[in-house]
Amino acid sequence: MTPENGSRYPVYVRKIRRTWWLRTGPFRRFAAREITSMFGAAFSAIMLLFLFALSRGTVAYGSFLRWLQTPWSIALSAIILVAVLYHTATWFRLTTRILSIRLGRRTVSRGAIAAGLVLAWIAASALVAYFHVWF
Amino acid sequence: MGETTMTLKVARYRPEHGPSPYFDEYEVPYREDMVVLDALNHIKDNVDGSVAYRWSCRMGVCGSCGMMVNYVPRLTCSTFLREFYPKPVVVEPLENFPVIRDLVVDMSDFLDKLKDVKPWIIRAHESPIRAGEYVQTPDEVDRYKQFSMCINCMLCYSACPVYAKDPKFIGPAALALAHRYNLDSRDEGRDERLDITAVDWGIWDCTFVGECSVVCPKDVDPAAAIQRSKVATTTKAMMSMVWPFGVERDAEDRRDA
């Protein structure tokens, strides 16, 4: 009840629990959205290791490829894929709320923005698949 | 036949009676058309006159009666008892604010922050009155109208975990209001306001939890306002790096409306 915040009255300041983000459904979903970004970072780290192995020559590259094919590595990739898909979906949804594109006097609808994002995603995936499969 | 009643658990804090808050339980008459504020008024008038709380208009306009109703920040004048009946309703003071007494919180921090963001029209040069109004098209009004509907009820601050963790955070309503003036075609104070809002404890403190917009009784969507401020600020910074002649403000800063 100390006026530690410089208040003029004897006030009661409530404490925030360390586990506040587990308290409600929306807070848990927010935490899930933020935590799944770590899996995106993990994927980037694996990509960097991949490039590093490539720079060290054929033997290192070959052994890295073999590691990628181990069940543990495949399981890790599967988990990363699910987490990153979830993260992407949440941000696609949020982007429709943030982006406000005006064409002349009209504002582009949220549905149109979402469709644009998904189309861009499909196009990027198709491009990656093209290089991966046919090159 | 007896009257239908329901239980209201009201948080009490009376500094002269002890250092910690506690709960008092009251049985109140229940009718389908009663709101939580009606129940509080019933207690105050008929049961216990010592319960302290703020209210005024009873119609969701004044923004005085915001409280935690079953752990969610709500305007008690627009929260019907039927939503909870027959379960008890827990009424507490707005979270994230120091409690002065019972359901009354200290709102001075919010009022200071509201003033800090300069929520008024700033002109580089004031035109004389005989020059007439600063005119605006309906289209120009539409760009900021949503963000001007705020009634300063502070529910968004109560819902915001960022404000809970960092009391320095300027917070949803004040930042949304700053954005509202930045979008106003009559205003020329954007740069002045950015010095205040585009800081670590301003728009960049927000992690887009989004709960401020969920609890807002006026659909202001402060979360979107803050993210759009971030986009507008970043666009401006990027443009000033690549565009050697300086950024023409109208072309750029209204676009993210």
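Keep in mind that this is a model prediction, so the values were computed, not measured.

1. Comments concerning the overall build of chain A
Then, in step 1: Looking only at helices and strands, chain A has five helices and two strands in total.
Then, in step 2: For 135 residues, the compact-globule estimate of 2.2 N^0.38 gives 14 Å, and the C-alpha radius of gyration of chain A, at 23 Å, exceeds that figure by more than 25%.
Then, in step 3: Pairs at least 24 residues apart make up 41% of the contacts formed inside chain A by residues separated by at least 6 positions.
Then, in step 4: With the model as given, the accessible surface of chain A reaches about 10,200 Å², and the carbon-plus-sulfur share is 70%.

2. Focus: the interface of chain A and chain B
Then, in step 1: At the junction of the two partners, chain A supplies 24 residues and chain B supplies 35 residues.
Then, in step 2: Of all residues in chain A, the largest losses of buried area upon contact with chain B belong to Tyr-12, Arg-14 and Arg-97 of chain A, amounting jointly to 28% of the total for that side.
Then, in step 3: If you look at where chain A meets chain B, you find two salt bridges.
Then, in step 4: With a shortest N-O distance of 3.3 Å, Glu-95 of chain B and Arg-23 of chain A are connected by a salt bridge.
Then, in step 5: If you look at where chain A meets chain B, you find 12 residue pairs in polar contact (both at pLDDT 80 or more).

3. What about the sheet that holds strand β5 (residues 89–92) of chain B?
The pairing of strands in a sheet happens through backbone hydrogen bonds and is either parallel or antiparallel.
Residues and elements named next belong to chain B.
Then, in step 1: If you walk across this open sheet you meet the five strands as β2-β1-β5-β3-β4, and the pairing is mixed. Every interior strand has two partners, whereas the edge strands, β2 (22–29) and β4 (72–75), have only one. Recorded for the sheet is a direction-independent mean angle of 35° between the axes of neighbouring strands.
Then, in step 2: Bridge count for strand β1 (residues 5–12) against β2 is eight bridges, and the pairing is antiparallel. For Leu-8, the partnering residue across the bridge sits in β2 and is Tyr-26.
Then, in step 3: Contacting β1, β2, β3 (66–69) and β5, helix α1 (residues 36–47) crosses the sheet at an angle of about 95° to β2.

4. Re helix α9 (residues 222–242) of chain B
Then, in step 1: With 21 residues, α9 of chain B extends 30 Å between its outermost C-alpha atoms, agreeing within 8% with the 30 Å of an ideal straight helix rising 1.5 Å per residue.
Then, in step 2: Among all positions in α9 of chain B, only Pro-222, Ala-223, Ala-224, Ala-225, Ile-226, Gln-227, Arg-228, Ser-229, Lys-230, Ala-232, Thr-233 and Thr-235 of chain B are buried.

5. A word on the side chain of Arg-180 of chain B
Then, in step 1: Mapped onto the secondary structure, Arg-180 of chain B falls in helix α6 (residues 172–182).
Then, in step 2: Among residues more than four places away in sequence, those in contact with Arg-180 of chain B are Tyr-144, Phe-147, Ser-148 and Arg-186 of chain B.

6. Describing the domain arrangement of chain B
All names here are of chain B.
Then, in step 1: Domains assigned within chain B are domain 1 (5–105) and domain 2 (108–256).
Then, in step 2: The C-alpha centroid of domain 2 is placed 32 Å from the C-alpha centroid of domain 1.
Then, in step 3: If you look at the interface, domain 1 gives 16 residues, while domain 2 gives 15 residues.
Then, in step 4: On the domain 1 side of the interface with domain 2, the three residues burying the most area are Pro-73, Asn-96 and Phe-97, jointly 49% of the side's total.
Then, in step 5: The interface formed by domain 1 and domain 2 holds zero salt bridges in total.
Then, in step 6: Summed over the shared surface of domain 1 and domain 2, the result is five residue pairs in polar contact (both at pLDDT 80 or more).

7. Examining the packing of helix α7 (residues 190–197) of chain B against α9 of chain B
All names here are of chain B.
Then, in step 1: Running from amino to carboxyl end, α7 crosses α9 at an angle of 110°, the nearest separation of the two axes being 12 Å. If you check the angle between α7 and α9, you find them roughly perpendicular. When the axes of α7 and α9 are compared, the crossing they make is left-handed. Taken together, the residues of α9 that come into contact with α7 (itself represented by Arg-190, Asp-191 and Leu-194) are Ala-232, Thr-233 and Lys-236.
Then, in step 2: Partitioned by chemical class, the residues of the contact of α7 with α9 number two nonpolar, one polar and three charged.

8. As for the packing of aromatic side chains
Then, in step 1: Under the counting rule described, the total for this entry stands at 14 aromatic pairs over all chains.
Then, in step 2: Ring geometry for Trp-20 of chain A against Phe-27 of chain A: centres 5.3 Å apart, planes inclined by 85°, an arrangement best described as edge-to-face.
Then, in step 3: Relative to Tyr-163 of chain B, the ring of Phe-97 of chain B lies with its centre 5.7 Å away and its plane at 50°, an arrangement referred to as tilted. Taken together, the residues Phe-97 of chain B in the loop between β5 and β6 (99–101) and Tyr-163 of chain B in helix α5 (residues 161–165) connect sequence positions 66 residues apart. Of the two residues examined, Phe-97 of chain B and Tyr-163 of chain B, each falls in the buried class.
Then, in step 4: Feature note: the residues Phe-50, Tyr-61, Phe-64 and Trp-67 of chain A constitute an aromatic cluster, connected by ring pairs.
Then, in step 5: Across from the ring centre of Phe-80 of chain B, 4.1 Å away, lies the NZ or CZ of Arg-82 of chain B, which sits over that ring.
Then, in step 6: Directly above the aromatic system of Trp-201 of chain B lies the positively charged group of Lys-168 of chain B, at a separation of 3.9 Å from the ring centroid.

Definitions and cut-offs
- Residues numbered from 1 in each chain as written.
- Chains lettered and ligands numbered in written order.
- Predicted model: local features only at pLDDT ≥ 70, side-chain atom pairs only at ≥ 80, totals over all residues.
- Heavy atoms only, no water.
- Helix = DSSP H or I, 4+ residues; strand = E, 2+ residues; numbered from the N terminus.
- Rg over C-alpha atoms; globule rule 2.2 N^0.38 Å.
- Contact = heavy atoms within 4.5 Å.
- Areas by Shrake-Rupley, 256 points an atom, 1.4 Å probe, with all protein chains shown as cover.
- Buried area = accessible area lost by both parts, 1.4 Å probe.
- Salt bridge = Lys/Arg side-chain N within 4 Å of Asp/Glu carboxyl O.
- Polar contact = N/O pair within 3.5 Å; in protein donor to acceptor, adjacent residues only side chain to side chain.
- Pairing = 2+ DSSP bridges.
- Axes fitted to C-alpha atoms, helices over the stretch in contact; angles between N-to-C directions.
- Expected span 1.5 Å × (residues − 1).
- Buried < 20%, exposed > 50% of the residue type's maximum accessible area, 1.4 Å probe, protein only.
- Domains from an automatic or database assignment.
- Parallel < 35°, antiparallel > 145°, perpendicular 65-115°, else oblique.
- Left-handed = near helix turned anticlockwise from the far one by under 90°.
- Nonpolar A, V, L, I, M, F, W, Y, C, P; charged D, E, K, R; others polar.
- Phe/Tyr/Trp six-rings, centres within 6.5 Å; stacked < 30°, edge-to-face > 60°.
- Lys NZ or Arg CZ within 6 Å of the ring centre and 35° of its normal.

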